[in-house]
Amino acid sequence: MAKSSQPPPLSGAQMEIMNVVWERGEVTVADVWKALVERRKVARNTVQTMLTRLEEKGWLRHRVEGPGFVYRAAVPRQATMKRLVRQLVDSAFSGSVDGLVMTLLEGRRLSKDEAERIRAMIRQAEREQP
């Protein structure tokens, strides 16, 4: 299968696996299975199949180590999160970033530290504008 610059979107279960990979850097089937089985019932063979599919789709790479494979992310977490948020803003908020932010803040109290970090991010974004 030819790999494009952007792998296809991740399902919820695939995102769960990718989060384990991103958190740990490199993983085996057993590593992912143990992490997932703590949260929900899942067969080891299912995890193995999903890792294979994620590699086929361009999300993972592997190397052979002993009798098994060690997987690592082929796509950085930050790039994936940016893509997901862009898609969310475009589809759910008609491209309105302020709509997303207002929805996130609605009914939620921010700590002083959180509010200051958000202000700092906004100032940085303003400085980076052409």
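Placed above this text is the structure.
Residues numbered from 1 in each chain as written. Predicted model: local features only at pLDDT ≥ 70, side-chain atom pairs only at ≥ 80, totals over all residues. Heavy atoms only, no water.

(A) Local environment of a nonpolar patch on the surface. On the surface, V97, V101, L104, L105, L110, I118, M121 and I122 cluster together into a nonpolar patch covering about 670 Å² of accessible area. At the level of elements, α5 (97-105) and α6 (112-128) are the ones that each hand at least two residues to the nonpolar patch. Here the element with the most residues in the nonpolar patch is α5; it accounts for four residues. Structurally, the position occupied by L110 is in the loop between α5 and α6. (Patch = residues over 30% accessible without salt bridge, like charges linked within 9 Å, V, L, I, M, F, W, Y side chains within 5 Å. Areas by Shrake-Rupley, 256 points an atom, 1.4 Å probe, with all protein chains shown as cover. Salt bridge = Lys/Arg side-chain N within 4 Å of Asp/Glu carboxyl O. Helix = DSSP H or I, 4+ residues; strand = E, 2+ residues; numbered from the N terminus.)

(B) Up close: unusual backbone geometry. We note that S94 has phi near 50 degrees; this positive angle belongs to a residue other than glycine. The topology assignment puts S94 in the loop between α4 (77-92) and α5.

(C) Expanded view of the pairing of strand β2 (residues 60-65). Pairing between β2 and strand β3 (residues 68-73): six bridges, direction antiparallel. Opposite R63, over in β3, you have V70 as the bridge partner. Counting the residues between successive antiparallel strands, the hairpin from β2 to β3 contains two residues, one of them, G66, with a positive phi of roughly 60 degrees. (Pairing = 2+ DSSP bridges.)

(D) Up close: the nonpolar core. Residues I17, V32 and L51 are the most contacted members of the largest nonpolar core, which totals 21 residues. Going through the elements one at a time, α1 (12-24), α2 (29-37) and α3 (44-56) are the ones with two or more residues in this core. No other element matches α1, which puts six residues into this core. With near-sequence residues (within four places) excluded, I17 lies in contact with V32, L36, M50, L51 and L54. (Core = buried A, V, L, I, M, F, W, Y, C linked by side-chain atoms within 4.5 Å. Buried < 20%, exposed > 50% of the residue type's maximum accessible area, 1.4 Å probe, protein only. Contact = heavy atoms within 4.5 Å.)

(E) Layout of the packing of aromatic side chains. In total, this model carries one aromatic pair according to the counting rule given. With 6.1 Å between their ring centres and 70 degrees between their planes, F69 and Y71 make a pair best called edge-to-face. The class of Y71 is buried, set by a relative accessible area of 3%. (Phe/Tyr/Trp six-rings, centres within 6.5 Å; stacked < 30°, edge-to-face > 60°.)

(F) Region of interest: the pattern of salt bridges. For the structure shown, the criterion picks out eight salt bridges. One salt bridge in this structure joins E23 and R77, with 3.8 Å as the shortest N-O distance. Of the two residues, E23 sits in helix α1 while R77 sits in helix α4, which places them 54 residues apart along the sequence. Note on E23: relative accessible area 54%, which makes it exposed.

All quantities given are derived from atomic positions and should not be read as evidence of function.
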